[in-house]
Amino acid sequence: MHSWHLNKEIQNYITENLNADLHALLLKKSPFPEVSMHEIVQQIKGKQVAQKKFPFLLKDGIIFPPQLNLEQSSSEKTALYKSEIVKGKKFIDLTSGFGIDAYYLSKNFDEIILVEQNAELLEIVKHNWNILGKKASFINQKLEDFLNGNKENFDVIYLDPARRDQNKNKVFLLEDLSPNILEIQDQLLSVSEEIVIKLSPLIDLKYLISVLKNISKIEIIAVKNDVKEIVVFLSKNYRGEIICKCTNLESAEKDFSFEINAEKNSEAEYSEPEKFIYIPNNTILKAGIFNLISRHFKLKKLHPNTHLYTSEIKIKDFPGRILEMEIIDSKQIKKKDQFNLISKNYPLKPEEIKKKYQLKDGGNQYLIFTQSKKGKIILKSV
């Protein structure tokens, strides 16, 4: 580990340039002979990311890795949420990366092991954990080599597979990830009671269920309605119904849990728009539980392909937005009016609607262009 990271003068220079133009900074000569400007800029970028993504690392002496490792790391918010789900005696992260998930998920464990094939990255994590006063065993080894030589059992194994191929293109299918989860799932289940796997928000849930064994639970995790992670739990001896949980962090919305087969056994009731319109959050849309939501909350759906719901009396605890609305004619829309535009199962996209009616974005009112069973309709918030 380079000693320059602990140099107060260099650290002050990094702090003073947190809002600097980094492209311009890279063209300058480093004011410190022992460190390049590229290395300084890497630390500035790291602090900038940490301010939003993992503020617990904004401490003296913390070292940040290259940008790609920062991008692939979980946020502090999602890691903290996951830490409330798992507990036991022995925790191992087989793809530790920058160690954000491991730092939080391991808080309810006595023994912590981090495996990482990138030696330089592991040294950074080791250094940072020492600064943070957190203890673990650090193993610099390829995951496959570690598993082949391993004779221990664990309470929880955690994995966050790399989602880029050799050409740095994004991949999503389990067989294309590194490691290939499908190849090692039996090996993992033979040495751990529970396997926790973080996956891309774009992964298809039906595909997951068709290729993974012993799934006990799936968590769809969003932050402010932006789906960030799909987390799958494999339990060694589990043979029951898969439970799916939709969570929208940093919102006032309640979590929604359901059995994965419940959608197949649910039917929606249909209606023209009533007094209240319900817009499911993105975790619900990702889960694809369009009929179950209708049945569970006793709401009516506008159209089989319109994932909007309605009721005459306001229903509480709905996982999404609830708006009081009325049907209007397009002639009632005035030029230059300001609306939050929503287009659902409608021929025109919001940008095209905005252009057609010469509208402005924003404000407190909503305008929804959609379709009921009777045809195209426009809804305006009251």
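Refer to the structure presented above.
Conventions and cut-offs
Residues numbered from 1 in each chain as written. Predicted model: local features only at pLDDT ≥ 70, side-chain atom pairs only at ≥ 80, totals over all residues. Heavy atoms only, no water. Pairing = 2+ DSSP bridges. Helix = DSSP H or I, 4+ residues; strand = E, 2+ residues; numbered from the N terminus. Axes fitted to C-alpha atoms, helices over the stretch in contact; angles between N-to-C directions. 1 Å grid on protein atoms, 1.4 Å probe; cavity = no way out; pocket = protein on both sides within 12 Å on 5 of 7 lines; lining within 4 Å. Points joined across faces, edges and corners; volume = space filled by probe spheres on them. Nonpolar A, V, L, I, M, F, W, Y, C, P; charged D, E, K, R; others polar. Contact = heavy atoms within 4.5 Å. Phe/Tyr/Trp six-rings, centres within 6.5 Å; stacked < 30°, edge-to-face > 60°. Lys NZ or Arg CZ within 6 Å of the ring centre and 35° of its normal. Buried < 20%, exposed > 50% of the residue type's maximum accessible area, 1.4 Å probe, protein only. Core = buried A, V, L, I, M, F, W, Y, C linked by side-chain atoms within 4.5 Å.

1. Structural notes on the sheet that holds strand β9 (residues 256–259)
- Strand order in the open sheet made by the nine strands is β3-β2-β1-β4-β5-β7-β6-β8-β9, with mixed pairing throughout. The open sheet is flanked by β3 (137–139) and β9, the only strands paired with a single partner. Strand-to-strand twist across the sheet, computed as the mean angle between neighbouring axes with direction ignored, equals 15°.
- The sheet contact formed by strand β2 (residues 111–115) and β3 spans three bridges and is parallel. Across the sheet, residue I113 finds its bridge partner in β3, namely S137.

2. Quick word on empty space enclosed by the protein
- What the rule picks out here adds up to one cavity of 30 Å³ or more.
- Space inside the largest cavity adds up to approximately 60 Å³.
- F56, L57, F98, G99, I100, Y103, V125, N128, W129 and L132 together form the lining of the largest cavity.
- Going through the elements one at a time, α6 (100–105) and α7 (119–132) are the ones with two or more residues in the lining of the largest cavity.
- In terms of residue count, α7 provides more of the lining of the largest cavity than any other element does, four residues in total.
- Classifying every residue of the lining of the largest cavity gives eight nonpolar, two polar and no charged.

3. Remarks on the sheet that holds strand β11 (residues 276–280)
- Spatially, eight strands are ordered β10-β12-β13-β11-β14-β17-β16-β15 in an open sheet, and the strand pairing comes out mixed. Either end of the sheet is taken by a strand with one partner, and the two such strands are β10 (269–270) and β15 (338–343).
- As paired elements, β11 and strand β13 (residues 306–311) share three bridges and run antiparallel to each other. Residue Y278 lies in a different strand from β13, and its bridge partner there is Y309.
- Against the sheet, helix α13 (residues 350–357) contacts β15, β16 (360–372) and β17 (375–381), and its axis sits at roughly 135° relative to β15.

4. Examining the packing of aromatic side chains
- For the structure shown, the criterion picks out 15 aromatic pairs.
- Ring geometry for W129 versus F138: centroids 5.9 Å apart, planes at 80°, classification edge-to-face.
- Chaining the aromatic ring pairs together yields one cluster made of F56, Y103, Y104, W129 and F138.
- Taking NZ or CZ as reference, K373 lies 4.2 Å from the ring centre of Y270, over its face.

5. Observations regarding unusual backbone geometry
- In this structure, P179 follows S178 across a cis peptide bond, with omega equal to 5°.
- In this fold, P179 is placed in the loop between β4 (154–159) and α9 (181–191).
- Of note in this structure, E250 is not a glycine but carries a positive phi near 60°.
- Mapped onto the secondary structure, E250 falls in the loop between β8 (243–249) and β9.
- Positive phi outside glycine occurs at K336, with the angle close to 70°.
- Counting through the fold element by element, K336 comes out in the loop between β14 (320–328) and β15.
- The exposure class assigned to K336 is exposed, which follows from its relative accessible area of 56%.

6. Regarding the layout of surface pockets
- Taken as a whole, the second largest pocket holds about 380 Å³ of empty space.
- Lining of the second largest pocket is provided by 14 residues; of these, L205, K206, I260, E263 and A287 occupy positions nearest its centre.
- Going through the elements one at a time, α10 (205–211) and α11 (282–287) are the ones with two or more residues in the lining of the second largest pocket.
- Ranked by residue count, the leading element in the lining of the second largest pocket is α10, at three residues.
- Split into classes, the residues belonging to the lining of the second largest pocket amount to seven nonpolar, two polar and five charged.

7. Section: the environment of E183
- Here E183 lies in helix α9.
- For E183 and K245, which are 62 residues apart along the polypeptide, the C-alpha to C-alpha distance reads 27 Å.

8. Considerations on the nonpolar core
- Counting residues in each nonpolar core, the largest one holds 51 residues, and the members touching the most others are L94 and L159.
- At five residues, α9 tops the list of elements feeding residues into this core.
- Those residues in contact with L159 that sit more than four places away from it in its chain are L94, T95, L143, P179, I181, I184, L188, I195, V196, I197 and K198.
- Among the nonpolar cores identified, the runner-up in size contains 34 residues, and A79, F109, L114 and I221 belong to it.

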